[in-house]
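Next come the chains, spelled out residue by residue.
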Amino acid sequence: MADPIATQAPPAVSPDRTPQPPVPTAEPGAPTSLSPEDTQKRMIDRIEDALTRIDLATRKRAEALSRMEQRHGALRERMTQTVAALDTVLAAADAASPAEPAPDAAEEGDA
């Protein structure tokens, strides 16, 4: 199953849209000077701004996930190479050193 964060969804609103400044809140009970149409437009603008922020955050997270996957792959490859090099060094060291008796065998002979 594909990761829903990794798949890029189409933007909810235009990425070119600039967020609107927040509307100053009036004191409770103070008369509002906005008409119902203006109020509705401001609410729609706030929702679109929120959708824009969500869209940008989702894209950033998808990009960060992609970078992390690439770094993980590179690290895994380097670790594989390092382990292979260590195996080669240990094999060469074993071949160059004389065989030593196992510690248990030496103890049994002494007893």
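Just so we're clear, the structure is a prediction, and the values are computed from it rather than from any experiment. (Residues numbered from 1 in each chain as written. Predicted model: local features only at pLDDT ≥ 70, side-chain atom pairs only at ≥ 80, totals over all residues. Heavy atoms only, no water.)

Enquirer: Hey, could you run me through the pattern of salt bridges in this one?
Expert: Close approach of charged atoms allows side chains with opposite charge to pair. Using the criterion set out here, one finds two salt bridges in the structure. The shortest N-O distance in the salt bridge between Asp 45 and Lys 41 comes to 3.0 Å. Here Lys 41 and Asp 45 lie together in helix H1 (residues 36-96), a separation of four residues that amounts to about one turn. According to the relative accessible area criterion, Asp 45 is buried, its value standing at 13%. Asp 55 is the partner of Arg 59 in a salt bridge, and the nearest nitrogen-oxygen pair spans 3.2 Å. Remark: Asp 55 and Arg 59 occur in helix H1; sequence separation between them is four residues, near one turn of the helix. Residue classification places Arg 59 among the partly exposed residues on the basis of a relative accessible area of 26%. (Salt bridge = Lys/Arg side-chain N within 4 Å of Asp/Glu carboxyl O. Helix = DSSP H or I, 4+ residues; strand = E, 2+ residues; numbered from the N terminus. Buried < 20%, exposed > 50% of the residue type's maximum accessible area, 1.4 Å probe, protein only.)

Enquirer: What am I meant to see in a nonpolar patch on the surface here?
Expert: Together, Ile 47, Leu 51 and Ile 54 make up a nonpolar patch on the protein surface, roughly 270 Å² of accessible area in all. Residue placement: Leu 51 occurs in helix H1. Taking the relative accessible area as the measure of exposure, Leu 51 reaches 33% and is therefore partly exposed. (Patch = residues over 30% accessible without salt bridge, like charges linked within 9 Å, V, L, I, M, F, W, Y side chains within 5 Å. Areas by Shrake-Rupley, 256 points an atom, 1.4 Å probe, with all protein chains shown as cover.)

Purely geometric stuff here, so don't read any function into it on its own.
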